[in-house]
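Structural overview for review
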Amino acid sequence: MTRLIAILVALALATPLTAQTNINLGGISADPSAAVEVSADSLSVDQDSGTAIFAGNVIIGQGDLRLSATEVEVVYSDATGDIARLKASGGVTFVTATEAAEAQSADYDLSAGTLTLRGDVLLTQGASALSSDEMRINLTTGDAQMSGRVRTVFQQGNN
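Basis of the calculations
- Residues numbered from 1 in each chain as written.
- Predicted model: local features only at pLDDT ≥ 70, side-chain atom pairs only at ≥ 80, totals over all residues.
- Heavy atoms only, no water.
- pLDDT = per-residue confidence, 0-100.
- Helix = DSSP H or I, 4+ residues; strand = E, 2+ residues; numbered from the N terminus.
- Contact = heavy atoms within 4.5 Å.
- Salt bridge = Lys/Arg side-chain N within 4 Å of Asp/Glu carboxyl O.
- Buried < 20%, exposed > 50% of the residue type's maximum accessible area, 1.4 Å probe, protein only.

**A word on the confidence of the model for the chain**
Chain-level pLDDT for the chain is 77 on average; 75% of the residues reach the 70-or-more range. Here helix α1 (residues 2-13) stands out as the least confident element of the chain, with mean pLDDT 33; strand β3 (residues 42-46) is the most confident, with 93. Long-range and interchain partners of residues 1-22, a stretch whose pLDDT sits below 50, account for 25 contacts in this model, where long-range means more than four residues apart.

Here it is, written out as structure tokens:
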């Protein structure tokens, strides 16, 4: 109960531009070296820039992670030729076995093992919901940080 009061006081005292909270997404254990499966309505490849753009009903899977969006740009590493980054836009949805998140855009950096969601971020964990302007997830540890006008609903007991 003391921890809940501390969280509520911190949220109440935080200013809109600096409000942030840390979240543990314990159900996420991603392996950035695992195979990435992509399906979409279309694909265009630019050999010169080392990018590929998947468009229309894009669904990306890697292990237990699922990402869907209107469009995803795949950026390949110059050094290895492997996928280095996935940049998603247009109604992005990110789902694991225990969490779901929505945002306007997402940047999945496979090299760093991070996923950054931006714009009207909504995270649901069970009956609780959190929203913010941005959420950054470390996929190795499952730690996440939300920033930019963080709002939350705490579900307590049976109502």
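**As for the pattern of salt bridges**
Evaluated as defined, the whole model comprises 3 salt bridges. For D107, the salt bridge goes to R85, with nearest N and O atoms at 2.7 Å. One end of the pair, D107, is in strand β7 (residues 99-109); the other, R85, is in strand β6 (residues 83-95), with 22 residues separating them in the sequence. Where R118 meets E134, a salt bridge forms, and the shortest distance between an N and an O atom there is 3.1 Å. Taken together, the positions of R118 in strand β8 (residues 114-125) and E134 in strand β9 (residues 128-138) put the pair 16 residues apart, joining distant regions of the chain. Take R118: its relative accessible area is 37%, and that puts it in the partly exposed class. Among the ionic contacts, a cluster of salt bridges with common partners joins R85, D107 and D109.

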